[in-house]
Amino acid sequence: MRLLLSLAFLSILLGSQQIYAYTITGFDPLNFINTGAGPNATTVTNLDNTVGLNGAIIEDFEDNTLINGLSLTFNGASPGVFTAGQGLWDGTQAFVTNSFAVPTVFTYTPGADTFAVGIGDVETALPVEVNGQTIILDIRNISGYNRVSDNSREVYIRIDREQGDTAITEVRFAAPASDGIVFDHLAVFNSATVPEPATYTMSLIALIGLAFSKRKS
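Report follows, based on the coordinates. Counting from 1, residues in each chain are numbered in the order their sequence is written. Reporting of local features is limited, given that this is a predicted model, to residues whose pLDDT is at least 70; pairs of side-chain atoms are given and counted only at 80 or more, and all residues count toward the totals for whole chains, interfaces and linings. Each side-chain value is derived from all of the structure's non-hydrogen atoms; neither hydrogens nor water enter the calculation.

### Quick look at the sheet that holds strand E6 (residues 104-112)
No. 1: Strand order in the open sheet formed by five strands is E3-E6-E11-E8-E9, with antiparallel pairing between adjacent strands. The outermost strands of the open sheet, each flanked by one partner alone, are strand E3 (70-73) and strand E9 (133-136). Averaged over all pairs of adjacent strands, the angle between strand axes in this sheet comes to 25 degrees, irrespective of strand direction. The pairing criterion for strands is at least two bridges between them, as found by DSSP. By definition, any uninterrupted DSSP run of H or I lasting at least four residues is a helix, any uninterrupted run of E lasting at least two residues is a strand, and each is numbered from the N terminus. Here, axes are lines fitted to C-alpha atoms. For helices the fit covers the stretch in contact, and angles between N-to-C directions go from 0 to 180 degrees.

See below:
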């Protein structure tokens, strides 16, 4: 009977892991830099400190070489200068999509605990998916989103995996309706402290086994 109760308890605990989900947090660009102003070392440092990116690997899109493990899929677009000059979060260049209604997909093969990126010029609904799971249907509804003018910075987002989530390997910005988007100052971070679901399973089994052994002694 005790074994059945323990197995039932284990099943409940394992099932509860399904409630974990990736979290997304938005940051108002005006917290770091004024509309119309260009980024500089101070604004970038303020951004990193506020969002919590110290120690992260940064892709600044200042050239056509991406950081190791990162790839980008989008038809008809490549890193280039954002002509309006207002959508930049660092440096002088950003990744800018054109108006083709196709998704933008960032793939990071090592897997990350945190994925963050600055976004601008969002004019239509822009869903965000992580590892195939939709975490927000329209990024314009996130707290911190602030569209001051056209072709401007609008929100900096940070996506974190929670306990029980798999590492972030793909972030997809689903196809907007003929809308060009700017992405800049992309960051990935691995804390190496988030245990995988299998770790929880073995830990729970070990705890139950320990409880039974103490009862018998």
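Resuming the write-up.
### With respect to the nonpolar core
No. 1: Grouped together as the largest cluster of nonpolar side chains are 32 residues, with contacts concentrated most on Phe115, Ile119, Ile139, Ile157, Ile159 and Phe173.
No. 2: We call two residues contacting when some pair of their heavy atoms lies within 4.5 Å. Look past the residues within four positions of Ile157 in its chain and what remains in contact with it is Ile24, Thr25, Phe115, Ala116, Val117, Ile119, Ile139, Ile142 and Phe173.
No. 3: Side-chain atoms within 4.5 Å link the members of a nonpolar core, which is a set of buried Ala, Val, Leu, Ile, Met, Phe, Trp, Tyr and Cys residues. A 1.4 Å probe rolled over the protein chains alone gives each residue an accessible area, and that area as a share of the maximum for its type sets the label: buried under 20%, exposed over 50%, partly exposed in between. Phe32, Ala56, Trp89 and Ala116 belong to the second-largest nonpolar core, a separate cluster that totals 11 residues.

### Topic: the side chain of Asp184
No. 1: Along the chain, Asp184 turns up in strand E12 (residues 182-189).
No. 2: Think of it this way: Lys and Arg go in the positive column, Asp and Glu in the negative one, and His and the chain ends go nowhere. Whenever a carboxyl oxygen of Asp or Glu lies within 4 Å of a side-chain nitrogen of Lys or Arg, that contact is scored as a salt bridge. Here Asp184 is buried and forms no salt bridge, its nearest opposite-charge partner Arg153 lying at an N-O distance of 7.3 Å.
No. 3: Here a polar contact is recorded for every N or O atom pair within 3.5 Å, except that within protein the pair must consist of a potential hydrogen donor and a potential acceptor, and residues adjacent in sequence are included only if both atoms are side-chain atoms. For Asp184, the side chain forms a polar contact with the main-chain nitrogen of Asp90, separated by 3.1 Å.
No. 4: Excluding anything up to four places from it in sequence, Asp184 contacts Asp60, Phe61, Leu88, Trp89, Asp90, Gln93, Ala94, Val117, Gly118 and Tyr156.

### Topic: the environment of Asn54
No. 1: Summarising the element assignment, Asn54 is placed in the loop between helix H2 (41-51) and strand E2 (57-59).
No. 2: Put simply, Asn54 and Phe189 are 135 residues apart on the chain and 9.0 Å apart in space, counted from C-alpha to C-alpha.
No. 3: Here the side chain of Asn54 touches Asn49 through a polar contact of 3.0 Å, side chain to side chain.

### A few points about the pairing of E12
No. 1: Counting buried residues in E12 gives seven out of eight residues, a clear majority hidden from the surface.
No. 2: Relative to E12, strand E5 (residues 94-96) runs antiparallel, the two being bridged by two bridges. Bridge pairing in E12 links Val96 to Val182.
No. 3: Where strand E7 (residues 114-120) and E12 come together, six bridges link them in antiparallel fashion. Residue pairing across strands places Ala116 opposite Ala187, the latter belonging to E12.

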